[in-house]
Amino acid sequence: MIGWCHLRRGLRSFRLDRVQHVRVLDIPFERPKNFEAAAHLTFSIATVPRTFVVEVLLHTDLQTAVTELYASIGLFDVCDDGVLLRARTDSIDWFARQLARLPCRFEVRRPPQLRAALHAHAKRSLVLCAR
């Protein structure tokens, strides 16, 4: 559910299973111009605070990056060398698996634990395919 948060004075995404009570107010609210609920929700999911901050330079175009990784994984910024992915994750191993399936080259800028997880994933994959 998307609504106006009076506490934080801004649009927020609320999980319905966490809403404990609702109070109807006599305060008018006008939907922002050009507001897209799906885009707002995707942005909200992509920017949830998590344990690790991730930055990866993807050597591809924006459409391919979003198609392969999905928009909710993080924020995508087009730059001279491709697409810079800024994200947060609680699982470095999960993030490494997402990157490992990409059809393009990429450079991990941070965190260093992500590089180590990618190396470990590659070693596991080689062992599994040799069987």
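Whatever comes next refers back to the structure up there.
Conventions and cut-offs
- Residues numbered from 1 in each chain as written.
- Predicted model: local features only at pLDDT ≥ 70, side-chain atom pairs only at ≥ 80, totals over all residues.
- Heavy atoms only, no water.
- Phe/Tyr/Trp six-rings, centres within 6.5 Å; stacked < 30°, edge-to-face > 60°.
- Buried < 20%, exposed > 50% of the residue type's maximum accessible area, 1.4 Å probe, protein only.
- Salt bridge = Lys/Arg side-chain N within 4 Å of Asp/Glu carboxyl O.
- Helix = DSSP H or I, 4+ residues; strand = E, 2+ residues; numbered from the N terminus.

## With respect to the packing of aromatic side chains
Now for step 1: This model, assessed by the stated rule, comprises one aromatic pair.
Now for step 2: Ring centres of Trp-94 and Phe-95 lie 6.0 Å apart, and the angle between their planes is 70°; this geometry places the pair in the edge-to-face category.
Now for step 3: Judged by its relative accessible area of 1%, Phe-95 falls in the buried class.

## So, the pattern of salt bridges
Now for step 1: Taken as a whole, this structure holds five salt bridges when the rule is applied.
Now for step 2: Across the pair Arg-86 and Glu-55 runs a salt bridge whose closest N-O atoms are separated by 3.8 Å. In this pair, Arg-86 sits in strand E5 (residues 82-89) while Glu-55 sits in strand E3 (residues 52-58), placing the two residues 31 residues apart along the sequence.
Now for step 3: Overall, the relative accessible area of 16% leaves Glu-55 in the buried class.
Now for step 4: Among the salt bridges present, the one from Asp-77 reaches Arg-86, with a minimum N-O distance of 2.4 Å.
Now for step 5: Through salt bridges that share partners, Glu-55, Asp-77, Arg-86 and Arg-110 make up one connected network.

## What about the environment of Val-78?
Now for step 1: Relative to the assigned elements, Val-78 resides in strand E4 (residues 75-79).
Now for step 2: Between the C-alpha atoms of Val-78 and Leu-62, which are 16 residues apart in sequence, the distance is 6.6 Å.

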